[in-house]
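Structure assessment
So you can see what is in the structure, the chains are spelled out below.
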Amino acid sequence: MAEQVHLRLTHVTKRFGDAVAVDDVSFEVPRGSFATLLGPSGCGKTTTLRMIAGFYEPDAGDIELAGKRINNLPAHKRGAAMVFQDYALFPHMSVRANVGYGLRLQHKSKADIAKKVDDTLKFVGLAGLGDRQPNQLSGGQQQRVAVARALVVEPQILLLDEPLSNLDAKLRESLRWELRALQQRLEMTFIYVTHDQDEALSLSDWVAVMNAGRVEQAGVPWEIYYHPKTAFLADFVGAVNLVPSTVREVRDGTAVVSVGSANAPVRVPAGLSLASGAQVRLCIRPESLQLRSPSAAADGQVMVPGTVARKAFLGDLMRYWVTVDGREWIVDQPDPGAATPYDGAVQIAIRPERIHVIAEP
Amino acid sequence: MRSLQREPVLLLALLAAIALVLAFIVYPQIQVVLVPGADGYVSFLQGGTWTLPLTNSIKITLLSTTTSVLLGFVFAYAMVYTPMPWKPFFRVIGILPLLSPPFVVAAVYILLFGPRGIVSYGVFGQSPSVFGLFGVWGVQTIAFFPFAYQLIADVLSRSDARLEQAARNLGAGPWQVFRSVTLPLSGPGLGAAILTCAIYILEDFGNPQLIGGGFNVLPTQAYSLIEGFGDFTGAAAVSTILLLLALSLYFAKTSLDRGRSFVTVGGKASSMPRPPVPPMLTRACFAACLALAGLILLVYGTLIVSALTLYFPTNLSFTTIHFAYLGAHATSLQNSFIYSMLAAIGCSIFALFAGFMVQRGTWPGRRIFDFLLIMPAAIPGIFFGIGYLTAFNQPWSDQLAGFFGQPDLRAQLIVIALLFWNIPVAYQAITVGLRQIDKSIDEAATSLGASSLRGFRDVLVPMLGGSVQVGFVTTFVRAVTTLSVVIFLFTPRSTTATITIFQLVNDFDWGGAAAFTVGDVGMAIIVLVLIQRLGGRLAVTGFRGG
């Protein structure tokens, strides 16, 4: 299927009094994709979602769904069902009545409703729980009811506002994969809002990171993770080393930058113009680094000598804090049981292609 | 506002609601204030007939509020803080007076202590003058301490037991805890309760009318000016003064209410028990509550005995003639029931819609609308009644009645008056209820395809059951027990139980009055119990006669 824009925001702005909640936001979401708005609290992600749902009206800009401008369409006619953070189940209705509510509004026949409700409950793994009241369900089950209630009306687009944040960590992770599988089976466009970068990166086809009302960067998860445009982004989506550096020389899209006392050739990211002598930040993920003994040979990698300051055993990896010229670097070593942990003097080995350059903020 | 334009039904309903509020809350009150005119006010103020009722009103409000709050506080403290026995019994005792017209106490007082009273004359052979300041003071103290108790108990029970336990844990004694934790935290709430009680007493019409004698207060002065002299100008001016007093008390109360929000930070009452109080204190509280309960039982016992005896207190032979009389004149009781039912139903529906529009809507003017809906809480019943009389007792209303083929529209007017006079209680109950329902519930309905009115009907209204019940019961009880709102509006066709009781007391027909009171209170209790059976929760604060 050709990629087709399903949801498009152009120059959307929303103010609350003097505060600008969403500031000139534009993006496109392809049909059938799992799209995530990621950002810290107050960044405007939920406001953006609520404008798509129709609960807020944008002060400027257009929202288009399937090529139609929906700015003036009342919320209840948009076909954009929503799953809420606290599920917002109707406490006075049974699970069955909750899920069937949207269908009742569509004036479907009783038999139709009963069948579709049962099918959907089975689909989300709640078969047999239809006669329960919401308060008789666990958090995870309530969350499934909320999803079923939204899916059963066959919305054009499903909006999810931090749907997993009220669950405990284990459940959150297992429901995460279920949601992703569900979306792929239905090939439905999901717009997902979260502040949890793990969730965003692991679930999404497309992520927009928002900060202070603006979209800082949008794209596929690994692009954002490894090639963030700003230091904020780099830091927000995961642990990172942001090392100050100087550009030595620039040639043919490659720049030579200082790494400690050594130099390394790096690719110049698109949209970034560098001149020799410029101050930049090197963005290197901890898992892209390796530790070596002080005497180990360079082997085509850039070697930076340092001292292990402390370390933490995280199970799947050992995290080291290594002091280099008075700065601490984070280095993650996978499979920490395979060798004796490092201590004292070490070398950090960096493959130059794992270094990403960010303009000094 | 733009979203309102997209839902024309909602917009029309809102406009209708605004029109009703303007017609039945704003217009009549403005009428009363404007009736005397500038010249009228000047000559009235110069006349000076208002100074004595004004000082009397202030005096009696201060006295009666102080004593009834003291008694109410003891009762409330005992109920909330001590493990004294017989609490369910005391709880019933505390509710009983709220279900009867407050002037019942005055009537019983005359029976017991009046010139031919069973205690004064029967026991001591005296015919003392019991009318006047001291009579009113004593009677209002007994009549209003249960209101004070309800209000104060509500405040005290919200104070967080965990904080008190913490203070005890840090080494404070019971008295220190009370002084340094409970009192500062519930101070604003207690202040608001006291002021609410003061408004009730200031507005009280029945008690001063029955036993005030020459002791005139503002409500009785307004009444006698109209009934005795047909002096609308004077009555309007007097009740405007009364309104100003009530309003200043009311605004003082709302400013205290604002400061009290931190008491309810936790939201729910915690399940932790209160720290223990010394056994001596519990015993003293129990004794005090027994004495107060004895007084209340004496009032209602006297009532029942005089309803069942030939001529209380001189002829105590058993009879059912008073109840036979009640049966023969049941129209007024029936009217009370019908009017109050209709008012309570109308009030609940109106409050539901208004609360929804104010809490969930974003339209200009909703703050003003909110204010207007709360207003009647500060309007004395007597003022409300005079307002309706001035505004709607017009030639055009007779023509309107003629158009409908009715001799008059007073019954309808009484229902409307009771409805809008009681709007604040029902409206505030709905507002509190709506605030506890997260907005995402509405939005969930909307995102599934429900218009806001549809979502309101399907989702919010069923969830607001408890609040509707509170509003309904309170409106009903206040409507069956009010005298002052109805006293200017009734006609012989549309007389109510409280009016009949009042007239019978004035005619010294104690037996009939007692029988009617028993009937009226019985009706209120039956409705209360039925509603409670239906809905499951009993809410008593906010009741008021008047």
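Residues numbered from 1 in each chain as written. Chains lettered and ligands numbered in written order. Predicted model: local features only at pLDDT ≥ 70, side-chain atom pairs only at ≥ 80, totals over all residues.

A tally of regular secondary structure across chain A gives eight helices and 20 strands. Over its C-alpha atoms, taken along the principal directions, chain A stretches across nearly 75 × 45 × 40 Å. Per-residue burial for chain A yields a buried fraction of 39% across its 361 residues. For chain A, the proportion of contacts with a sequence separation of at least 24, taken over those separated by at least 6, is 64%. (Helix = DSSP H or I, 4+ residues; strand = E, 2+ residues; numbered from the N terminus. Buried ≥ 20, exposed ≤ 12 C-beta atoms within 10 Å, placed from the backbone. Contact = placed C-beta atoms within 7 Å.)

Residues and elements named next belong to chain A. Positive phi, close to 55 degrees, is recorded for Asp24, a residue that is not glycine. One can find Asp24 in strand β2 (residues 19-30). The exposure class assigned to Asp24 is partly exposed, which follows from the 15 C-beta atoms found within 10 Å. In this model, Asp335 sits at a positive phi of 50 degrees, which is unusual for a non-glycine residue. Position of Asp335 among the secondary structure elements: in the loop between β18 (327-334) and β19 (345-350). Taking the C-beta count within 10 Å as the criterion, Asp335 has 9 such neighbours and is therefore assigned exposed.

Turning our attention to the sheet that holds β19 of chain A. Pairing between the strands of a sheet comes from backbone hydrogen bonds, and it takes one of two forms, parallel or antiparallel. Residues and elements named next belong to chain A. In space, the five strands of this open sheet follow the order β15-β19-β16-β17-β18, with antiparallel pairing throughout. Both outer strands of the open sheet, β15 (289-292) and β18, are each paired with one neighbouring strand and no more. On average, adjacent strands in this sheet sit at an angle of 45 degrees to one another, irrespective of strand direction. (Pairing = 2+ DSSP bridges. Axes fitted to C-alpha atoms, helices over the stretch in contact; angles between N-to-C directions.)

Further remarks concern the interface of chain A and chain B. At the junction of the two partners, chain A supplies 21 residues and chain B supplies 17 residues. By residue class, the composition of the side of chain A that touches chain B is 14 nonpolar, four polar and three charged. (Nonpolar A, V, L, I, M, F, W, Y, C, P; charged D, E, K, R; others polar.)

Next up on the list: the domain arrangement of chain B. Residues and elements named next belong to chain B. One can read the domain layout of chain B as domain 1 (1-34 + 321-546) and domain 2 (51-319). Summarising the inter-unit geometry, the C-alpha centres of domain 1 and domain 2 are found 24 Å apart. Taken together, the contacts link 42 residues of domain 1 with 41 residues of domain 2. Mapped onto the side of domain 1 that touches domain 2, the elements with two or more residues apiece are α2 (8-34), α15 (321-328), α18 (381-392), α24 (465-481), α25 (497-506) and α26 (510-535). Among the elements that make up the side of domain 1 that touches domain 2, the one with the highest residue count is α26 (twelve residues). A breakdown of the residues in the side of domain 1 that touches domain 2 according to their chemical character gives 29 nonpolar, eleven polar and two charged. (Domains from an automatic or database assignment.)

Residues and elements named next belong to chain A. Read from one edge to the other, the open sheet built from six strands follows the order β6-β7-β8-β3-β9-β10, with strand pairing classed as mixed. The open sheet has two free edges, formed respectively by β6 (80-83) and β10 (214-219), since each of these has just one partner strand. Averaged over all pairs of adjacent strands, the angle between strand axes in this sheet comes to 20 degrees, irrespective of strand direction. Examined bridge by bridge, β6 and strand β7 (residues 157-161) share four bridges and lie parallel to one another. Residue Ala81 lies in a different strand from β7, and its bridge partner there is Leu158. Each of β6 and β7 touches helix α4 (residues 139-151); the most contacted strand, β6, lies at about 175 degrees to it.

What follows concerns the domain arrangement of chain A. All names here are of chain A. The domain boundaries assigned to chain A delineate domain 1 (5-235) and domain 2 (239-359). One C-alpha centre belongs to domain 1, the other to domain 2, and the line joining them spans 38 Å. Taken together, the seven residues of domain 1 in the interface contact eight residues of domain 2. The element contributing the most residues to the side of domain 1 that touches domain 2 is helix α8 (residues 231-236), with three residues. The residue inventory of the side of domain 1 that touches domain 2, partitioned by class, reads four nonpolar, two polar and one charged.

With that out of the way, let us pick up the confidence of the model for chain B. All names here are of chain B. The share of residues in chain B with pLDDT of 70 or more is 91%, and the mean pLDDT across the chain is 83. Element-level pLDDT for chain B is lowest in helix α7 (residues 118-123), with a mean of 61, against a maximum mean of 92 in helix α16 (residues 331-360). Across residues 262-269, confidence stays below pLDDT 50; counting only partners more than four residues off in sequence or on other chains, it has nine contacts. Scored below 50 in pLDDT, residues 537-546 shows 32 contacts in the model against residues more than four places distant or in partner chains. Interface scoring of the predicted complex returns ipTM 0.81; its pTM is 0.81. (pLDDT = per-residue confidence, 0-100.)

Turning next to the environment of Ile63 of chain A. All names here are of chain A. The residue Ile63 is located in strand β4 (residues 60-65) in this model. Overall, Ile63 belongs to the buried group, with 22 C-beta atoms counted inside 10 Å. Sequence separation of Ile63 and Ile52 is eleven residues, and the distance between their C-alpha atoms is 7.0 Å. Excluding residues that lie within four positions of it along the chain, Ile63 makes contacts with Leu9, Val12, Met51, Ile52, Pro58, Ile70 and Asn71.

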